[in-house]
Amino acid sequence: MLWVVFAAMTGLAVFSVLWPLSRLRRIAPASLPNISLYKAQVAEIDRDAASGLIPAPDVAAAKTDAARRLLAVSAAAPASPPGRRDVRIAAAAAIVLIPALALALYSRFGRPDLPDAPLAARLQSTDPGKTDIAAAIVRIEAHLRDHPEDGRGWDVIAPVYLRLGRAEDARRAFGEAIRRLGDSASREAGLGEAILANAQGVVTAEARQAFEKASGADPSLPQPRYYLGLAALQDGKPEEARAIWTKLADKAPAGAPWAATLRQRIAALSGPPAAGRDSLAGKSIASLPEAERAAAIRSMVEGLSARLQQNGGRLDEWKRLVRAYSVLKEPEKARAALADARKNLSSDAGANAELDGLARELGLEG
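The rules we used
Residues numbered from 1 in each chain as written. Predicted model: local features only at pLDDT ≥ 70, side-chain atom pairs only at ≥ 80, totals over all residues. Heavy atoms only, no water. Helix = DSSP H or I, 4+ residues; strand = E, 2+ residues; numbered from the N terminus. Buried < 20%, exposed > 50% of the residue type's maximum accessible area, 1.4 Å probe, protein only. Contact = heavy atoms within 4.5 Å. Patch = residues over 30% accessible without salt bridge, like charges linked within 9 Å, V, L, I, M, F, W, Y side chains within 5 Å. Areas by Shrake-Rupley, 256 points an atom, 1.4 Å probe, with all protein chains shown as cover. Salt bridge = Lys/Arg side-chain N within 4 Å of Asp/Glu carboxyl O. Expected span 1.5 Å × (residues − 1). Core = buried A, V, L, I, M, F, W, Y, C linked by side-chain atoms within 4.5 Å. Phe/Tyr/Trp six-rings, centres within 6.5 Å; stacked < 30°, edge-to-face > 60°. Axes fitted to C-alpha atoms, helices over the stretch in contact; angles between N-to-C directions. Parallel < 35°, antiparallel > 145°, perpendicular 65-115°, else oblique. Left-handed = near helix turned anticlockwise from the far one by under 90°. Arc of directions from axis to C-beta.

**A look at the overall build of the chain**
Regarding its fold elements, the chain presents 17 helices and zero strands. Counting across all 366 residues of the chain, residues that qualify as buried make up 33%. Considering only intrachain contacts with a sequence separation of at least 6, the fraction spanning at least 24 residues in the chain is 53%.

**What to know about a nonpolar patch on the surface**
A cluster of nonpolar side chains, contributed by Ile95, Val96 and Leu97, occupies part of the molecular surface with about 300 Å² of accessible area. Along the chain, Ile95 turns up in helix H4 (residues 84-109).

**Structural notes on the side chain of Ser215**
Counting through the fold element by element, Ser215 comes out in helix H10 (residues 205-217). Residue classification places Ser215 among the buried residues on the basis of a relative accessible area of 15%.

**Looking at helix H8 (residues 167-181)**
The terminal C-alpha atoms of H8 lie 21 Å apart, and with 15 residues this matches the ideal 21 Å at 1.5 Å per residue to within 8%. Within the sequence span of H8, burial applies to Ala167, Ala170, Ala173, Phe174, Glu176, Ala177 and Ile178. Looking at the buried positions of H8, the neighbouring elements they touch are helix H7 (151-163) and helix H9 (185-198). Immediately downstream of H8, the backbone of Gly182 shows phi near 95°, a positive value.

**Some details on the nonpolar core**
Of all hydrophobic cores here, the largest spans 35 residues; its most connected members are Ile157, Val203 and Trp245. Listing elements by their share of this core, those giving two or more residues are helix H6 (133-146), H7, H8, H9, H10, helix H11 (222-234), helix H12 (238-250) and helix H13 (259-270). With 23 residues, the next largest nonpolar core counts Ile297, Trp318, Ala324 and Leu358 among its residues.

**Here's the deal with the pattern of salt bridges**
In total, this model carries 16 salt bridges according to the counting rule given. With a closest N to O distance of 3.4 Å, Arg163 and Glu354 form a salt bridge. With Arg163 in helix H7 and Glu354 in helix H17 (residues 349-362), this residue pair connects regions lying 191 residues apart in the sequence. Here Arg163 falls in the partly exposed class, since its relative accessible area comes to 32%. Across the pair Asp356 and Arg342 runs a salt bridge whose closest N-O atoms are separated by 3.0 Å. Of this pair, Asp356 sits in helix H17 while Arg342 is found in helix H16 (residues 331-344), placing the two residues 14 residues apart along the sequence. Take Arg342: its relative accessible area is 29%, and that puts it in the partly exposed class. Bridged by salt links that share partners, the residues Glu141, Arg166 and Asp169 form one connected network.

**Examining the packing of aromatic side chains**
Throughout the structure, instances matching the rule amount to three aromatic pairs. Arranged with centres 5.2 Å apart and planes meeting at 75°, the rings of Tyr226 and Tyr227 form a pair that is edge-to-face. Given a relative accessible area of 9%, Tyr227 falls into the buried group. Their ring planes at 15° and their centres at 5.3 Å tell us that Tyr226 and Trp245 sit as a pair that is stacked. Here Trp245 lies in helix H12 and Tyr226 lies in helix H11, a separation of 19 residues in the sequence. Note on Trp245: relative accessible area 0%, which makes it buried.

**Quick word on the environment of Gly350**
Of note, Gly350 is situated in helix H17. A residue is classified by how much of its surface remains accessible, and Gly350, at 17% relative accessible area, is buried. The sequence separation of Gly350 and Leu315 amounts to 35 residues, and the corresponding C-alpha distance is 9.9 Å.

**Considerations on the packing of H9 against H10**
Remark: H9 packs on H10, axes separated minimally by 8 Å, with the N-to-C direction vectors making an angle of 160°. The angle between H9 and H10 falls in the class roughly antiparallel. Our pair here, H9 against H10, has a crossing hand that is left-handed. Note on element contacts: H10 touches H9 through Glu206, Ala207, Ala210, Phe211, Lys213, Ala214 and Ala217, opposite Ala185, Glu188, Ala189, Leu191, Gly192, Glu193, Ile195 and Leu196.

**A short note on the packing of H10 against H11**
Running from amino to carboxyl end, H10 crosses H11 at an angle of 140°, the nearest separation of the two axes being 9 Å. Considering the angle they form, H10 stands oblique to H11. Regarding H10 and H11, the two cross each other, and that crossing is left-handed. Of the residues in H11, those touching H10 at Arg208, Phe211, Glu212, Ala214 and Ser215 are Pro224, Arg225, Tyr227, Leu228 and Ala231.

**Brief notes about H12**
For H12, with 13 residues, the first-to-last C-alpha span of 18 Å sits near the 18 Å given by 1.5 Å per residue. The set of residues buried in H12 consists of Ala241, Arg242, Trp245, Leu248 and Ala249. Down the axis of H12, the buried set is contained in an arc of 130°. They therefore lie on one face. Across from the buried face of H12, at angles greater than 90 degrees, the exposed residues are Glu239 and Asp250.

If you want it as C-alpha cells, here you go:
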C-alpha cells in the first residue's frame, strides 16, 4: 500500500508538468499574426495610389494606419510556441527525472525497513515529547471495553497503571492478564506490587502469595525476593529479612541500581533496633486491629520519610510517601514530600512530570 501511494504521488507530479506542455502544443498557427495579410494591404494601397483612387497626401497616412494595426495584433498575440521537438524533450525529461529524483531522495532519507515501535515500548517511554501516554491509555481502555478477552491488552496496560500509581487499576489488569494468559514471574510480581501499593506498603497475605509464585517461577527476579524480605520484616522477623536481602545483595549484578539501597537496609537491620520494631515482633501488621495497624503504618511512613530525607530515593519511593501522607489525611506533609521529591529529582524531567500528575490526582496543587 505504501508503494502504491508513492507511485500515485509521483504520477501526479509528472502529470502536473506534462499538462501545460500539452497545452502549448495545441496552439494553432492561425492564431499567430498573418504578416502577409498586412503586406497585401500595403500593396493594395500602392495600387490605389497609382490609379489615383487615393490622393498622394493620404498614402502615407494609410500605410501608417496599416502598420499600427499590425503592431496591435502582434502585441495581443501569444508568444511563439516551442517547437514540437522541444516539447517532446521536456516531456521525456519530466517522465524520467521526476521519478528518478524522488527515488534517490527516498533511498537517501527513507527507512522502509524500519518497523513500527511495539505498543508496550511506546507506552513505557519516559519522554512526554515522544509519546502521549494519556491518549494511548484511553485508546487501550476503549479497546478493552469492547474486547475484554484480549489478554495481551491487559498485559500491556497493567505495568503502565502501576507506574502511574493507579494501584487498583493495575491490580485488576494484572489479574485479567494472569486469568487470560496464564501465570508468569513478571505478571505475578506486578500483581504483588499492585496489591502492596493498594495496601499503602503493607505486604498482605495476598501480596505475599503473588511474590512467592513469582520467585518460584523465576528465582533470579529481584523484586519478589525483596518484597518477601519486607514481608518478613513487617512480620517482626528482622533476622529472616536480613537473610533474604543478604542473599539477594550477594547475587546482585554489577551496577544494579537497587543494590546500594538494599545494602543500606541490610546495614540498618544490623544496627540498633529501629523505633517501634520490637513492638511489632511476632505480629503481622496486616493482622493487627484497625487502630494498631494505622499506628504501625504511620510509624513505617515516618521511617520512610526519614530515610528519604537523609539518603534520597527513587521516584516510586517518593510517590509512595506522598500517597501515604494523603491517605493519612495529612496534606501539608504530602505537599512537603512533593517539594522534597522535586528537589531530589530535579534533573529528571520525566520524574517531575509524574510528580505533577500525582499532585493533580491527589488534589495537592497550589
